[in-house]
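The lines below spell out each chain.
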Amino acid sequence: LGHGGGGLLGSELVECLFLPAFGTAELAAAPRDSVVLEVGGVRLAFTTDSYVVNPLFFPGGCIGDLAVNGTINDLAMSGATPVALSAGFILEEGLDMAVLDRVARAMGAAAKNAKTRLVTGDTKVVERGHADGLYVNTSGIGLVAAGVHIGPERARPGDRVLVSGAIGEHGVAIMSVRSGIEFGTTIRSDSAPLGGLVAELLAAAPQIHALRDPTRGGLAASLCEIAAASRVGIVLDEAAVPVPEPVAAACGFLGLDPLHVANEGKLVAFVPDAQAEAALAALRAHRYGAGAAIVGTVTDGHPGVVVGRTPLGATRVIDRPLGEQLPRIC
Amino acid sequence: MRGTAAAARRVARRIEVGGTVQGVGFRPFVYRLGREMGLDGWVRNDGGLVVIEAAGSADAMRRLSARLRTDAPPQARLRQVRIGAPAGDAPMHGSGFHVIASAEPPRSGLDDRPGLVPPDLATCAACVAELFDPGDRRYRYPFVNCTDCGPRATIVDGLPYDRAVTSMRRFAMCRACTAEYRDPADRRFHAEPIACPACGPELTWQPAGGHGAEGGEPALRAAVALLRAGGIVAVKGVGGYQLVCDATDEAVVARLRTRKQRPVKPFAVMVADLTAAGRLALVGPAEAALLASVPRPVVLLTARPDRRLAATVAPGTDTLGLLLPAAPLHHLLLHDLDRPLVATSGNVADEPIAVDDAEAVDRLAGVADGFLGHDRVIRARYDDSVARVVAGRPSLVRRARGYAPAPLGLPIAAPEPLLAVGAQLKHTFTLARGSTAIVGPHTGDLQQQETMTAFTDHLAHLTRVTGVEPAVVVHDLHPGYLSTQYAQTISVRRIGVQHHHAHVASCAAEHGITGRYLGVAYDGLGLGDDGTLWGGEVLLADLRSYRRLARFGRAPLPGGAAAVRRPARMALGYLFGAEAFDDTSLARAGRLAAPFLARLPPLEVATVRRMVAAGVNCPQASSAGRLFDAVAALLRVRDDAGYEGEAAAALEALAAGHTGAAPLPWRLATRDDLVVYDSAPTLLTLLEALRDEAAVGLLAAAFHATIAAMTVAVCSDAAAEHGTSTVCLSGGVMQNQLLIEALVTGLSAAGLTPLVNEQIPANDGGISYGQAAVAAAQLQDG
Ligand SMILES: [Fe+3]
Ligand SMILES: [Mg+2]
Ligand SMILES: [Zn+2]
Ligand SMILES: [Zn+2]
């Protein structure tokens, strides 16, 4: 099984295995970060995610705050205000209690920082060797305000594409620790909760069409998913994408495309042209959106295809990363 | 009434002729035959076929069917001739012989055959003579053509091939042209693109940033003046815009490189004739024939050391691509300027060549100083073809204008119509039905959005024109190729074909091999059936299936594609992580590798060492192409590759002067039932020789000799064990002339029969044809 890269193969699992097995209409809809359900007249956003990151601690965060922020962000991408979170742990027998304590406290702090609460949980212990230290699952519910309609299928030609800041930091930070490769400067994960940022964004630009947190598969995967779900083309101005110099250098060494590298505290927003400047200003005014930029435009040409325009004028097809890095060059 | 004795001896026949029979003067030829032999009846285009219904004496009818084959016009290719009874009444005695109006589809008779689009034909000698004859009414007319020459595939919209389905339909013929068109005795009888200054297309001139002012001869004069003054002109050629400048002017060639964003990849040079070609490069009889052949490809030649040409035309290589004029406009430019001209695709970087006038002006605005266009619309984009002479025979490197989309045979017929979508780089696709394969023209790297569009446009165009509606789509196993992803959007049956099986099958199929053969696929990279990257493979194969017999040892690609772009990284990959077979592995190269490591940035060496150790983005590949890259870096030939295959080409150029170099040590190991070439002894000996200050050119030649000797040994053993002597050589590395000539010589000496690609490129441009051949065989098997 090689389906973890967040690219093409992951979405194939959903389409070919879970969808037929579960038979739920909500799963059949375009892939989204959280699902919105009508419950007794209230619109409830609901999501779940499991965290298996290695190492557990890394510059800029740990598995604990990642699990809290990730689920908050999945709720926020539906325009929801987080209400409460659950946490489930799978612990490897013999795990150092001090490690669990650090992770738990990081989760508490992250929830508090995001103005939400961890209200229920579960713990299982598996035999030594059956888990890599510790795994965390978090689920979350949130409330979606009336009049907010955000979804990956709602992008329209003419929309501007915004990102909330520098991309590539989380993935490079993890890879750097994991491989022991130093790149001169230490690159820190951008792990952050985006609920507050989305609230500010919605206030400034109520007509937001689509939101995505470009986690696994990076910005490229998020753009491809929205292009496919909305049946539109996206033209990305590659020079406008904020890539920090150390990230660019590290990606050069590792042979990675920064657009394919994971982020844990960034969002990409599809906003009607008329509200794009207001949206940009709102993002830049927030601590988690200071590096925001307009990076692209939605077109009705090449539906389903994301095209990058390089500073030299050439254009390339940008696609989702595969599970493995397999060069296409002959 | 048929009551007379004469009529009783009459025979009436319907003859359907398939193949390349339209746009090559076939109907006029049949017409002249019919008249000469006193037959009654008619000839017409019918779908993609030419259909004849004729009546005459039994003897005359026998001679007719014989002469259809023996006396056909030079550009005609008869693929099938079916003779039967007339569909309706036999032609009346004494009614004479006529060319009649073309039949519209649906076609009759051989309608399982695709309709065939004739390729473009270079200007014939008779038209060139008229072009430069002041007394002729087409004197200096850039659109002169006849039934033996002129545009075809680039102007066609549909079949049967008639003026009404070409972009010439908007030009109403003048009275003089009409007379020629209708006169069976005239060279222009039914020449569909017939034109003259009174009625045909006209040149246009637009200076960069200015507005079109001049047309006709003044336009040509403006372009010539600009070229003479050291400018760059975008010229609307046969299948697209070309960028043209003075090839002897260092400054303008350098400017073209900067503007086109093409720092080192060689430019093709157009010369007036074979004499001019001989002043720039070594032109033997086979090369001369290829240069002057009707498709007029760019021919790769060995440059003369004393050539008078700007050094920046082909920096760092002694290979020079030359071509002769393919269209009247080129003849006029070369005549007026009397010097070699750079003639390169009208595009920026790797985009497809521009065809549309407005698009060209837009896209080439920053590149050209002026635009020499005209009002004959290009319907389909065809770049210049590229060919070379290998082991005495012409071999295509890029199949486009003049060749595509002429049909090729499939040794095992496709029981259902199929589309093979090819690979990713040097992209082509193939449509096949029955035993006919139609390979679309080269477009380029599918990762470029414009190339992807060119691919789907061409596919739509050729599907419509040929009438092939694919019921099966064939693709590579690589899930990331955009061609594979495109295949997945088509809701018909899909067949995946392994990349290197497709390579060797392309060679086997074009030589009509249906039985078992050994396939040597030396390539850059392609995805294997085991999920690893392949590229140095010996297969036991037929068209339907294969078994892997031997491979190159694996090495990591530190950074994946980044290692392809930087051969120095690939060398590090071998030094730090080559597959080890015993304790003489490269990891023990130690002091021998020190000078190489010291030459590279320390941070890069340290990072790559960690990447290899930790397996971070380090896919493993058993690739011949990557080993050539690594050797090029170790020998200080190239650390970076500005274009695909640059390092290997430079290594080859360096080796060229050292014929007869002895092979270096090499070793074959066995792993998982495969014979594996362990390159460690070869590389260690190279490093030792470098330390001892051996000549780098000699080492490069010795490395080529090593790969050839090792391959001959592997093939000889495999041939003996499996009872087959045919060896199909294919893959991108087989474009290395030194290697292929050594392999052909060595394999022949060992009593084997080596075959190389000729009509189909050995590189990934041949993958789609190989895929079609394999899928057809699999489908035929059921
Ligand atoms: Fe290949
Ligand atoms: Mg998620
Ligand atoms: Zn002619
Ligand atoms: Zn005329």
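The preceding data block contains the structure.
Figured I'd write up the structure that's included with this text. (Residues numbered from 1 in each chain as written. Chains lettered and ligands numbered in written order. Predicted model: local features only at pLDDT ≥ 70, side-chain atom pairs only at ≥ 80, totals over all residues. Heavy atoms only, no water.)

## A short note on the interface of chain B and chain A
- If you look at the interface, chain B gives 42 residues, while chain A gives 29 residues.
- Summing both partners gives a buried area of about 2900 Å² for chain B against chain A, and 63% of it is carried by carbon and sulfur.
- For chain B, the biggest contributors to the area lost against chain A are Gln447, Gln449 and Asn617 of chain B; these three give 19% of the whole.
- Linking chain B to chain A there are zero salt bridges.
- Counting across the interface, chain B meets chain A through seven residue pairs in polar contact (both at pLDDT 80 or more). (Contact = heavy atoms within 4.5 Å. Buried area = accessible area lost by both parts, 1.4 Å probe. Salt bridge = Lys/Arg side-chain N within 4 Å of Asp/Glu carboxyl O. Polar contact = N/O pair within 3.5 Å; in protein donor to acceptor, adjacent residues only side chain to side chain.)

## Observations regarding the nonpolar core
Residues and elements named next belong to chain B.
- Residues Tyr522 and Leu729 are the most contacted members of the largest nonpolar core, which totals 97 residues.
- Broken down by element, the residue count for this core peaks at 13 residues, all from helix α22 (residues 696–722).
- Residues within four places of Leu729 in sequence aside, it is in contact with Cys507, Val520, Met734, Ile740, Leu743, Val744, Leu747, Pro754, Leu755, Val756 and Asn757.
- One finds Ala303, Ala314, Ala387 and Leu396 within the second-largest nonpolar core, a separate group that totals 40 residues. (Core = buried A, V, L, I, M, F, W, Y, C linked by side-chain atoms within 4.5 Å. Buried < 20%, exposed > 50% of the residue type's maximum accessible area, 1.4 Å probe, protein only. Helix = DSSP H or I, 4+ residues; strand = E, 2+ residues; numbered from the N terminus.)

## Describing the pairing of strand β8 (residues 160–163) of chain A
Residue and element names in this part refer to chain A.
- Strand direction decides the pairing type here: β8 and strand β11 (residues 268–271), joined by four bridges, are antiparallel. Note that in β11 the partner of Val163 across the bridge is Val268.
- Bridging between β8 and strand β12 (residues 293–299) involves four bridges; their strand directions are antiparallel. Note that in β12 the partner of Val161 across the bridge is Gly296. (Pairing = 2+ DSSP bridges.)

## A closer look at the coordination of the zinc ion (ligand 4)
Residues and elements named next belong to chain B.
- At the metal site, the zinc ion (ligand 4) is ligated by Cys174 (SG), Cys177 (SG), Cys196 (SG) and Cys199 (SG), and these contacts range over 2.2 to 2.3 Å.
- The site at the zinc ion (ligand 4) holds four donor atoms, and with the angles between them running 102 to 117 degrees, its shape is tetrahedral.
- All donors of the zinc ion (ligand 4) come from a single chain, and their spacing in sequence reads C-x2-C-x18-C-x2-C.
- Here Cys196 falls in the buried class, since its relative accessible area comes to 1%. (Donors = N, O, S within 2.8 Å, 3.2 Å for Na, K, Ca; no water. Tetrahedral: all angles 85-135°; square planar, octahedral: opposite > 155°, others 65-115°.)

## Observations regarding the sheet that holds strand β3 (residues 49–57) of chain B
All names here are of chain B.
- A sheet is described by the order of its strands in space; here five strands give the open sequence β4-β1-β3-β2-β5, paired in mixed fashion. One side of each edge strand has no neighbouring strand; the edge strands of this open sheet are β4 (77–84) and β5 (97–99). Neighbour to neighbour, the strand axes of the sheet diverge by 20 degrees on average, direction disregarded.
- Looking at chain direction, strand β2 (residues 40–46) and β3 are connected through seven bridges and run antiparallel. Paired with Asp40 across the strands is Ala55, a residue of β3.
- Helix-sheet contacts for helix α2 (residues 26–36) involve β1 (10–20), β2, β3, β4 and β5, and the interaxial angle to β5 is about 170 degrees.
- Helix α3 (residues 58–70) contacts β1, β3 and β4 of the sheet and is inclined by roughly 150 degrees relative to β3. (Axes fitted to C-alpha atoms, helices over the stretch in contact; angles between N-to-C directions.)

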